[in-house]
Amino acid sequence: MTTLQTVFAKAKADNRAALVGYLPAGFPSKDGAVAAAAALVEAGCDVIEIGLPYSDPLMDGPTIQDAVHRSLTNGTRIADVLRTVEGVAATGAATLVMTYWNPIDRYGAERFARDLASAGGVGTITPDLTPEESEPWRAASAAAGIDTVFLVAPSSTDARIKAVVDCCTGFVYAASLMGVTGARESVNSAAEGLVARTRAHTDLPVCVGLGVGTGAQAAEVARYADGVIVGSAFIRRILDAPDEAAGRTSISELARDMARGVRR
Amino acid sequence: MANEGPIITAADLAGHGPHGDDPDARGKFGVFGGRFVPEALIPALDEVASVYEKAKTDEAFLREFDHLLRTYAGRPTTLTDVPRFSEHAGGARIILKREDLTHTGAHKINNVLGQALLTRRLGKKRVIAETGAGQHGVATATAAALLGLECVIYMGAVDCERQALNVARMKLLGARVVPVTNGSQTLKDAINEAFRDWVTNVDTTHYLFGTVAGPHPFPEIVRDFARIIGVEARRQMLELTGRLPDAICAAVGGGSNAIGAFHAFIEDEGVQLHGYEAAGRGLESGEHALTLTSGSIGVLHGSRTYVLQDDEGQTIESHSISAGLDYPGVGPEHAWLKDSGRATYHGITDDQAMSAFSLLARTEGIIPAIESSHALAGALELGRELGPEATILVNLSGRGDKDMGTAMKYFNL
């Protein structure tokens, strides 16, 4: 199992940012998700976030909503998410689960942490779990030996940034903009300032996500961040492809372009 | 009931008592409530909370709110005895609190006027809102027109269809209505979409939340602005009957009209509090909105509360003939009132609600909203149970004009 610590140490030694790819479990199909993630890893992604599909994804834009809806319609369950993690972790990438809080809450925090660790997962990203509500999850994660990643945003005050990074292990997720997930024309200029403000409170790696969709944008973000997170741009290509194989080819191209971008 | 003195005071906005305390610093009513939202929204929620904290004891704010409630919303609303309707409730005396007589036709106007004034204090020029039946959307569009605010309303595409009249009203009032076509295309999806707008435009925009659900401080703010219903009713009941009612009945979707009616009575232990959820086509059918009576504890729309969810935490779509009750979550304070035993919650089917809807129209010449008809149907049952000596106050939260399309179909009119 590759840990986040190993990934970021290696990227640093290579003088580059890490590349983080996001795909929901069960999309484009249960097996197709593992194959797509493997293609991303083969093309240069260091870390894979597997999305746990949720019925009310209020932080996600139309692209991820569409993918998640298809996944749920295909009958994706938490067991499938864990199987996907297992398959992806076997490729050698550090594999996390990104999920809204309620599915973990319902499944049971301790049980989820344990089952995720058993599947080879290294941690979670929980975008709607605030520091105030995070204690049970941090305790369960620590007991299972997995990392907890939380988000900071351009609107976060320095006090909030401190509260969030104090709950993080592994890395800190800096949301580049005020808005939902989805590729944008340009990466918000607020991202660089947010990364700098975050670094004032932590030595953890800081990764930037939301709105990164091209190799050039990845290169721009890699100048100041430890990791570049890409989700919707990959999903868009899978949605637009005529079949799963074509989708994999298409996301491999983009991932390779981005992997070049993060080598500053 | 005469227009003497202010109808709302700082004390009316802040109810304190053994059960009526404000939520704690984290916005918790016991284990319920809190904030489960993207970090990006935390500063905005903090700002709303702090502006409201100042406003609720600020004389100028209270004066302005009082003035609008009185001269614009048409408060205080009257009580109406309904003896012919009561004959069907085993002779118990049923009295209606007439929120249907407010401007825009439902209790929603109370919260909306309060929050529209807050929007001005927040220095924001744009409001967004979700709406189910359209009543909160209409009220928000109304207040936005009154105060010169830009207004965007998110409404499930299914609801747009069953409440077409309200869509037209909102447009006429200058609001942009955005039909939401994802998910179940009803209230819960409209809320998701409104949150997405808010996180994107939070610098300029206030999310004028329409019910006592959502992240802290919305459950507290919306409750306080709706609280006037019970504050007035308590005073009026004493004037009219010389005593407090034996029970209060209110419909519960998200729960704003019910909290508004209940809250001033929470410390009156002799007054039973009954909330009626939509049982739709019946519990067994799976097509219902019985969140408190059949759901489980989870997190939805930023708050820990009772939720209709499956074994893995996926929200289950609700059903009700009434768009305003068609919601798989409920306000956290109701969850707390249920678990503490202070309030009791029941289900009323579509058919029971429609029967009460038609009964009130025929016996009293009042056409209620289908939402409120759930409380009326509940009162008919409760009256038979409590007996002819009992007095029951029903919050008639809205009028039925908006429901004519549904009624025409249901009754083949």
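Chain B has the name Tryptophan synthase beta chain in an unreviewed UniProt entry, where Nonomuraea pusilla is given as its organism. What UniProt records for chain B under Catalytic activity (unreviewed entry) is the sentence "(1S,2R)-1-C-(indol-3-yl)glycerol 3-phosphate + L-serine = D-glyceraldehyde 3-phosphate + L-tryptophan + H2O". Here chain B is described in UniProt, under the heading Pathway (unreviewed entry), as follows: "Amino-acid biosynthesis; L-tryptophan biosynthesis; L-tryptophan from chorismate: step 5/5."

An unreviewed UniProt entry lists chain A under the name Tryptophan synthase alpha chain, from Nonomuraea pusilla. The Pathway (unreviewed entry) comment attached to chain A in UniProt states, word for word, "Amino-acid biosynthesis; L-tryptophan biosynthesis; L-tryptophan from chorismate: step 5/5." The heading Catalytic activity (unreviewed entry) in the UniProt record of chain A holds the text "(1S,2R)-1-C-(indol-3-yl)glycerol 3-phosphate + L-serine = D-glyceraldehyde 3-phosphate + L-tryptophan + H2O".

S.K.: I'd like to hear about the UniProt feature "domain: Tryptophan synthase beta chain-like PALP" (unreviewed entry) in chain B, residue by residue, with values.
M.R.: Feature annotation in UniProt places "domain: Tryptophan synthase beta chain-like PALP" (unreviewed entry) on residues 72–398 of chain B, given in this structure's numbering. For residues 72–398 of chain B, helix accounts for 42% and strand for 20%, while the C-alpha atoms at its two ends are 17 Å apart.

S.K.: Let's hear about the sheet that holds strand β9 (residues 247–251) of chain B: which residues, and what values?
M.R.: All names here are of chain B. Strand order across the open sheet formed by 6 strands is β3-β4-β14-β9-β10-β13, with mixed pairing between neighbours. Every other strand in the sheet has two partners, leaving β3 (79–81) and β13 (343–349) as the edge strands with one partner each. For this sheet, the mean inter-axis angle between neighbouring strands, taken without regard to orientation, is 25°. Sheet analysis places β3 next to strand β4 (residues 93–98), joined by 3 bridges and oriented antiparallel. For T80, the partnering residue across the bridge sits in β4 and is L96. Those strands touched by helix α15 (residues 350–364) are β3, β4, β10 (272–280), β13 and β14 (391–396), and its axis lies near 90° from that of β13.

S.K.: How would you sum up the interface of chain B and chain A? Please name residues and give values.
M.R.: Contact with chain B, which involves 35 residues of that partner, is made by 34 residues of chain A. Here chain B meets chain A over a buried area of about 3,000 Å², counting both sides, of which 47% is carbon and sulfur. Summed over the three residues of chain B that lose the most area to chain A, namely E39(B), R196(B) and E312(B), the buried surface amounts to 25% of that side. In this structure, the connection of chain B to chain A is made through 7 salt bridges. Residues E133(A) and K28(B) are paired through a salt bridge, measuring 3.3 Å at the closest nitrogen-oxygen approach. Summed over the shared surface of chain B and chain A, the result is 25 residue pairs in polar contact (both at pLDDT 80 or more). Here the element with the most residues in the side of chain B that touches chain A is helix α9 (residues 187–201) of chain B; it accounts for 8 residues. Taken together, the residues that form the side of chain B that touches chain A break down as 12 nonpolar, 11 polar and 12 charged.

About the cut-offs
Residue positions are given per chain, counted from 1 along the sequence in the order it is written. Just so you know, chain letters begin at A and ligand numbers begin at 1, following the order they were written in. Residue-level local features of this predicted model are given only where pLDDT is at least 70; pairs of side-chain atoms are given and counted only at 80 or more, and the full residue set underlies all totals for whole chains, interfaces and linings. Remark: hydrogens and water are excluded; side-chain values derive from all non-hydrogen atoms of the structure. UniProt positions are given in the numbering used here, feature names are shortened, and annotations may be inferred rather than shown by experiment. Strands are runs of DSSP state E lasting at least two residues, helices are runs of H or I lasting at least four, and both sets are numbered from the N terminus onward. Strand pairing is assigned whenever DSSP identifies at least 2 bridges connecting the two strands. Lines fitted to C-alpha atoms define the axes, with helix axes restricted to the stretch in contact, and inter-axis angles between N-to-C directions lie between 0 and 180 degrees. Any two residues whose heavy atoms approach within 4.5 Å at even a single point are treated as in contact. By buried area we mean the combined loss of accessible area, with a 1.4 Å probe, across both parts when two parts are placed together. The salt bridge definition used is simple: a Lys or Arg side-chain nitrogen within 4 Å of an Asp or Glu carboxyl oxygen. Identification of polar contacts relies on pairs of N or O atoms within 3.5 Å, with a donor-acceptor requirement for protein atoms, meaning one able to donate a hydrogen and the other able to accept it, and with residues adjacent in sequence counted only if both atoms are side-chain atoms. Basically, the charged four are Asp, Glu, Lys and Arg, the nonpolar ten are Ala, Val, Leu, Ile, Met, Phe, Trp, Tyr, Cys and Pro, and anything else, Gly included, counts as polar.

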